[in-house]
Amino acid sequence: MYRFISMVMNVLGIETSCDETAAAIVTDTREIRSNVVLSQLETHAVYGGIVPEIAARAHLEHIDKVIQAALSDAGITFDDLDGVAATCGPGLIGGVMIGMMSAKAIAAAKGIPFIAINHLEGHALTPRLSDDIAFPYLLLLVSGGHTQILVAEDVGVYKRWGTTLDDAAGECLDKSAKMMGLPYPGGPNIEKIAKNCNNPVTARERFPLPSPLKGRKGHDFSFSGLKTAVRTHIEKLPKGDLDPKDVADLSYALQNQTAKILADRCESAMVRFLEEYGEKTDNPTLVICGGVSANQTIRETLDDLAQKHGMTINAPPLPLCGDNGAMIAWAGIERLQRGQNDPLNFQARPRWPLDPNAAPRHGAGVKA
Ligand code: KG4
Ligand code: ZN
């Protein structure tokens, strides 16, 4: 048993950049030996969103036992680790510091490499952990804080083609859900409630929603107009608690429109990807990742679009869509395999773009 463990590389991945305290053990043979995710959903639910100070405190309270659980689920100890990777940005700095400092302490105590991971790269490299997808691929990163289209050329080499000018798609779903009286996080609740919509055609007619930037050149996104339109529809409904039928219809219309907007902006990126990278890949692929990529309607809409353009779609298995430690451990392994690790005085980065050369965008939702 010990010999087997010593033959593969075991890396601990720690994720604390938002509202999940997560740790996982992953091997260089792409085995997820453990993946522990402790969600703070109930802690933040009463506030209808994440409170950074409360999140940091909760990470501090739980991080040790989450790491211990990851080790024991994997059947290993600190002595069997070959490296420790942690999210060092972008994200809520209080939480990031807790995961990063825990990782540095383990690395220092055990004399093993520390790897500082960009949270977005964790999402971006997940399809290589789950499905061994080869570079280059087109990547739609769609989460609570980000909505970006990038080309992943290699580990650490990303070309950002588009980003949101205001809200992220997940942020729009979360804020709209709150307006409808649905609990946080909005995305999964909107998906659930939209299933109660009995007549999709009528729902879209009752609640028409805009397509910001539709047909516009480039691949940027905008979601704040969609959120405002939801508010306007709600204001026209009878005062007080909303009728569940109205909530179901509006949730359906919103989910459907979010999928359409993502597809519209992705389509031109697909055409460009095939032109610029078509010859560099045998299997042109659109990868969707980040929390919102768990949404079935969005997956199906993008799948149809990919098929139309002769591309394959790849989306991680649901447990790897949201924030987790396995994606951070895997990003650490990819870096270790390339001889990269980081010094223990590495500074956390609240903002950390995947493509440092991309032109900056100045919007409320633009965090990288
Ligand atoms: O990647 P993630 O877990 O955290 C960030 O890095 O932001 O993404 C969280 C976002 C939230 O906005 C949440 O509402 C959304 O992902 N989300 C979904 C679904 N599951 C999570 N949105 C739509 N449908 C879902 N099933
Ligand atoms: Zn994330």
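What comes next concerns the included structure. Everything numeric here is computed off the predicted structure, so don't read it as measured data.

Details of the overall build of the chain
Stage number 1. If you tally the helices and strands in the chain, you get twelve helices and ten strands.
Stage number 2. Compactness check: the chain gives a C-alpha radius of gyration of 21 Å against a globular reference of 21 Å for 368 residues, within 12% of the reference.
Stage number 3. By its C-alpha atoms, the chain is 65 × 50 × 40 Å across when sized along the principal axes.
Stage number 4. Residue burial in the chain is summarised as follows: out of 368 residues, 57% are buried.
Stage number 5. Taking the intrachain contacts of the chain between residues at least 6 apart in sequence as the baseline, contacts between residues at least 24 apart amount to 74%.
Stage number 6. Between the averaged position of the 36 positive side-chain charges in the chain and that of its 43 negative side-chain charges there is a distance of 5 Å.

Remarks on the site of ligand 1
Stage number 1. Contacts to ligand 1 come from 20 residues, most closely from G144, D174, G187, E191 and G291.
Stage number 2. Here E191 contributes a side-chain N or O atom positioned 2.7 Å from a nitrogen atom of ligand 1.
Stage number 3. D323 has a polar side-chain atom sitting 3.2 Å from an oxygen atom of ligand 1.
Stage number 4. For ligand 1, whose unbound accessible area comes to 560 Å², protein coverage reaches 87%.
Stage number 5. A molecule is said to occupy a pocket when more than half its atoms come within 2 Å of that pocket's grid points, and by this definition ligand 1 occupies the largest pocket.
Stage number 6. Elements with a minimum of two residues in the shell around ligand 1: α5 (119–131), α6 (169–179) and α7 (186–194).

Some points on the environment of N314
Stage number 1. Of note, N314 is situated in strand β10 (residues 312–314).
Stage number 2. Residue classification places N314 among the buried residues on the basis of a relative accessible area of 8%.
Stage number 3. Measuring from C-alpha to C-alpha, the distance between N314 and L140 comes to 10 Å, with 174 residues separating the pair along the chain.
Stage number 4. Once residues lying within four places of it in the same chain are set aside, the contact partners of N314 are P127, D131, I133, T285, L286, V287 and I288.

Details of the coordination of the zinc ion (ligand 2)
Stage number 1. The protein atoms that coordinate the zinc ion (ligand 2) are H119 (NE2), H123 (NE2) and D323 (OD), at distances spanning 2.1 to 2.2 Å.
Stage number 2. Here the donor residues of the zinc ion (ligand 2) share one chain and are spaced in sequence as H-x3-H-x199-D. A residue pair is termed a helical-turn pair when its members lie 3 or 4 positions apart in one helix, as H119 and H123 do in helix α5 at four residues. For the residue pair H119 and H123, the accessibility class agrees, reading buried in each case.

Overview of the packing of helix α10 (residues 244–277) against helix α11 (residues 296–308)
Stage number 1. Contact pair α10 / α11: the axes reach a minimum separation of 9 Å and the direction vectors enclose 30°. When the interaxial angle is binned, α10 and α11 end up roughly parallel. In the packing of α10 onto α11, the handedness of the crossing is right-handed. Between α10 and α11, the contacting residues are Q255, T258, A259, L262, A263, C266, E267 and M270 on the first element and T297, I298, T301, L302, L305, A306 and K308 on the second.
Stage number 2. Its residues assigned to classes, the contact of α10 with α11 shows nine nonpolar, four polar and two charged.

Digging into the layout of surface pockets
Stage number 1. Counted as a void, the largest pocket has a volume near 1,400 Å³.
Stage number 2. Elements that contribute at least two residues to the lining of the largest pocket include exactly β3 (32–39), α5, α6 and α7.
Stage number 3. Examining the composition of the lining of the largest pocket, we find that six residues originate from one element, α6, more than from any other.
Stage number 4. In terms of residue class, the lining of the largest pocket is built from 18 nonpolar, 18 polar and ten charged.
Stage number 5. The residues that make up the lining of the largest pocket include at least three from each of domain 1 (10–127 + 320–354) and domain 2 (135–316).

A look at the sheet that holds β3
Stage number 1. Taken in spatial order, the five strands make up an open sheet running β3-β2-β1-β4-β5, and their pairing is mixed. Each edge of the open sheet is held by one strand with a lone partner, namely β3 and β5 (114–118). Within the sheet, the average angular offset between the axes of one strand and its neighbour, ignoring direction, is 20°.
Stage number 2. In this sheet, β5 lies alongside strand β4 (residues 83–89) in parallel orientation, the contact comprising five bridges. Considered in β5, the bridge of V84 is made with F114.

With respect to the packing of aromatic side chains
Stage number 1. All chains considered together, the criterion is met by five aromatic pairs.
Stage number 2. Judged by centre distance (6.2 Å) and plane angle (15°), the rings of F221 and F223 are stacked. Take F221 and F223: they sit in the same class, and that class is buried.
Stage number 3. Measuring from centroid to centroid gives 5.8 Å for F346 and W352, while their planes differ by 35°, and the two rings are tilted.
Stage number 4. The buried category is assigned to F346, whose relative accessible area is 17%.

What counts and what doesn't
Residues numbered from 1 in each chain as written. Chains lettered and ligands numbered in written order. Predicted model: local features only at pLDDT ≥ 70, side-chain atom pairs only at ≥ 80, totals over all residues. Heavy atoms only, no water. Helix = DSSP H or I, 4+ residues; strand = E, 2+ residues; numbered from the N terminus. Rg over C-alpha atoms; globule rule 2.2 N^0.38 Å. Buried < 20%, exposed > 50% of the residue type's maximum accessible area, 1.4 Å probe, protein only. Contact = heavy atoms within 4.5 Å. Lys, Arg positive; Asp, Glu negative; His and termini not counted. Charge placed at Lys NZ, Arg CZ, Asp CG, Glu CD. Near = heavy atom within 4 Å. Polar contact = N/O pair within 3.5 Å; in protein donor to acceptor, adjacent residues only side chain to side chain. Areas by Shrake-Rupley, 256 points an atom, 1.4 Å probe, with all protein chains shown as cover. 1 Å grid on protein atoms, 1.4 Å probe; cavity = no way out; pocket = protein on both sides within 12 Å on 5 of 7 lines; lining within 4 Å. Sits in = over half its atoms within 2 Å of the grid points. Donors = N, O, S within 2.8 Å, 3.2 Å for Na, K, Ca; no water. Axes fitted to C-alpha atoms, helices over the stretch in contact; angles between N-to-C directions. Parallel < 35°, antiparallel > 145°, perpendicular 65-115°, else oblique. Left-handed = near helix turned anticlockwise from the far one by under 90°. Nonpolar A, V, L, I, M, F, W, Y, C, P; charged D, E, K, R; others polar. Points joined across faces, edges and corners; volume = space filled by probe spheres on them. Domains from an automatic or database assignment. Pairing = 2+ DSSP bridges. Phe/Tyr/Trp six-rings, centres within 6.5 Å; stacked < 30°, edge-to-face > 60°.

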